[in-house]
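Letter by letter, the chains look like this.
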Amino acid sequence: MMEELIEFDRWLLLQVNGSTSLYLDGVVRTLTTAATWIPLYIALFFLVMRNNSTMRSILVIVGCAALCYLLAGAVDDGIVKPLIARWRPTHDPVVGWQVDVVDGYRGGKYGFFSAHACNTFSIAVFFSLLVRSRLLTLSLVSWSLINCWTRLYLGVHFPGDILCGLLWGGFVGTMVFLFHRRLERGYNHSGRFVSTQYTEAGYQRFDIDVVVIVLVATLIYALFRACFMLY
């Protein structure tokens, strides 16, 4: 049964990996680069700063976001990948020669599970539970899934790596949010109230719009940058 799942995982990866478009290669290489998403992280920090009245609350949220990355990515890279030691598709002795490689990028030897998937999804889940905005939730989950797609396109993760990364990231994001709620229990958040301009958690919808605009602008940037990468 396990061997059949592994074979299906390999087959599915080959169906979605790569393309014949150099332009799309450039878009994906831009989107999969961590530095591309720095403006989004700054926008999320702006959201936190604008909607929390005490430095303690701001530092707790920033610390929890950092904890998401630590528990998601560090556990993956430091423990799971070397322990499971599953080859990345680009290094897999069975299908490695079939994988469409972009610009010679092959990643490290092991790929189970995807750090991109667990890192981004842990942040998406944490902020979704924290802010309680459907728009922000949809935007951040889409951002995470875009990052997951780039890893499949580049052939550096199997779909199973992505799925397990999402599951672990979702678990981490939820647990960190519960930890945050326990830390903040009993503290008064002055100035927060619920209206059409605020979410259930008291976050201003205008500030959420800023985060979404930054996310969309980053996607547009990736589309334009890929044009220049052709020359």
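Source: prediction; values computed, not measured.

**Student:** So what exactly am I meant to see when it comes to unusual backbone geometry here?
**Tutor:** The phi torsion of most residues other than glycine is negative, and most of the peptide bonds are trans. Of the consecutive residues Phe112 and Phe113, the connecting peptide bond is found in the cis state with omega at -5°. By the element assignment, Phe113 lies in the loop between helix H4 (55-84) and helix H5 (115-131). Even without a glycine there, the phi angle at Ala85 is positive, about 55°. For Ala85, the location among the structural elements is in the loop between H4 and H5. Unusually for a residue other than glycine, Arg132 sits at a positive phi of about 65°. Examined against the element boundaries, Arg132 turns out to sit in the loop between H5 and helix H6 (134-153).

**Student:** Explanation requested: the environment of His91 in the structure shown.
**Tutor:** Here His91 shows up in the loop between H4 and H5. The partly exposed category is assigned to His91, whose relative accessible area is 28%. C-alpha of His91 to C-alpha of Phe112: the two residues are 21 residues apart in sequence and 12 Å apart in space. Aside from chain neighbours lying at most four places away, what touches His91 is Arg106, Gly107, Gly108 and Lys109. Side-chain polar atoms of His91 contact the backbone oxygen of Gly108, separated by 3.3 Å.

**Student:** Would you explain the pattern of salt bridges in this entry?
**Tutor:** Side chains bearing opposite charge may pair, as long as their charged atoms lie close to each other. In this structure the tally under the stated criterion is nine salt bridges. Across the pair Arg29 and Asp103 runs a salt bridge whose closest N-O atoms are separated by 4.0 Å. Here Arg29, found in helix H2 (residues 22-31), pairs with Asp103, found in the loop between H4 and H5; they are 74 residues apart in sequence, far enough to count as distant. A residue is classified by how much of its surface remains accessible, and Arg29, at 23% relative accessible area, is partly exposed. Judged by its relative accessible area of 64%, Asp103 falls in the exposed class. Notably, a salt bridge pairs Arg50 with Asp207, separated by 3.2 Å at the nearest N-O pair. With a gap of 157 residues between them, Arg50 in helix H3 (residues 38-50) and Asp207 in helix H8 (residues 205-228) connect regions that are remote in the sequence.

**Student:** Teacher, can you tell me more about the packing of H6 against H8 here?
**Tutor:** Look at H6 against H8: their axes get within 10 Å of each other, and the N-to-C directions meet at 25°. With respect to their mutual orientation, H6 and H8 come out roughly parallel. Considering how the two elements wind past one another, H6 and H8 form a crossing that is left-handed. The residues of H8 that touch H6, namely those facing Leu135, Leu136, Ser139, Trp143 and Ile146, are Ile208, Asp209, Val211, Val212, Leu215 and Leu219. Residue composition of the contact of H6 with H8, grouped by class: nine nonpolar, one polar and one charged.

**Student:** Help me understand the side chain of Arg88, please; the structure alone is not making it clear to me.
**Tutor:** Structurally, Arg88 is set in the loop between H4 and H5. No salt bridge forms around the buried Arg88; measuring N to O, its nearest opposite-charge neighbour Asp77 is 6.0 Å away. For Arg88, the side chain forms a polar contact with the main-chain oxygen of Val156, separated by 2.9 Å. When residues no more than four places from it in sequence are discounted, the contact partners of Arg88 are Lys81, Arg106, Gly107, Gly108, Lys109, Tyr110, Gly111, Arg151, Val156, His157 and Phe158.

**Student:** Would you explain the nonpolar core in this entry?
**Tutor:** Nonpolar side chains in soluble globular proteins tend to be buried together. Judged by nonpolar contacts, the single largest core of 44 residues is most densely connected at Phe126, Phe127, Val131, Leu136 and Tyr203. Elements with a contribution of two residues or more to this core: H2, H3, H4, H5, H6, helix H7 (159-184) and H8. Per-element accounting of this core gives the leading share, nine residues, to H5. Leaving out residues up to four positions away in the same chain, Phe126 has contacts with Ile61, Cys64, Ala65, Cys68, Gly173, Val176, Phe177 and His180.

**Student:** Got a minute to help me understand the packing of H2 against H6 in this structure?
**Tutor:** Relative placement of two packed helices is described by the angle separating their axes and the distance separating the axes. Their axes nearest at 9 Å, the elements H2 and H6 cross at an angle of 125°. Considering their axes alone, H2 and H6 lie oblique with respect to each other. Of the two elements, H2 crosses H6, and the hand of that crossing is left-handed. Taking contact as the criterion, the partners of Leu24, Asp25, Val28 and Leu31 in H2 are, on H6, Ile146, Asn147, Trp149, Thr150 and Tyr153. Class assignment for the residues of the contact of H2 with H6 results in six nonpolar, two polar and one charged.

Reading the values: the criteria
Position numbers for residues start from 1 in each chain and track the written sequence from start to end. Confidence filtering applies because this is a predicted model: local features only for residues at pLDDT of at least 70, side-chain atom pairs given and counted only at 80 or more, and all residues used for totals across whole chains, interfaces and linings. Only hydrogens and water are removed before side-chain values are computed, so all heavy atoms of the structure are retained for them. Each helix is a run of H or I in the DSSP string that is no shorter than four residues. Each strand is a run of E no shorter than two, and both are numbered from the N terminus. The cut-offs for exposure are 20% and 50% of the maximum accessible area for each residue type, with area from a 1.4 Å probe on protein chains only; residues under the lower value are buried, those over the upper are exposed, and the others partly exposed. Here, two residues are considered to be in contact whenever any of their heavy atoms come within 4.5 Å of each other. Within 3.5 Å is the distance limit for a polar contact, defined as a pair of N or O atoms, with the added protein rule that one can donate a hydrogen and the other accept it, and that residues adjacent in sequence qualify only through two side-chain atoms. Every case where a carboxyl oxygen of Asp or Glu lies within 4 Å of a side-chain nitrogen of Lys or Arg is listed as a salt bridge. Throughout, an axis means a line fitted to C-alpha atoms (over the contacting stretch in the case of helices), and angles, computed between N-to-C directions, take values from 0 to 180 degrees. For classification purposes, angles smaller than 35 degrees are called roughly parallel, those larger than 145 roughly antiparallel, those between 65 and 115 roughly perpendicular, and all remaining angles oblique. Each crossing gets its hand from how the near helix is turned against the far one by less than a right angle, where anticlockwise is left-handed and clockwise is right-handed. Classification convention: Asp, Glu, Lys, Arg as charged; Ala, Val, Leu, Ile, Met, Phe, Trp, Tyr, Cys, Pro as nonpolar; all other residues, Gly among them, as polar. Residues counted as positive are Lys and Arg, residues counted as negative are Asp and Glu, and His and the chain ends are not counted. Residues belong to a common nonpolar core when they are buried Ala, Val, Leu, Ile, Met, Phe, Trp, Tyr or Cys residues joined through side-chain atoms within 4.5 Å.

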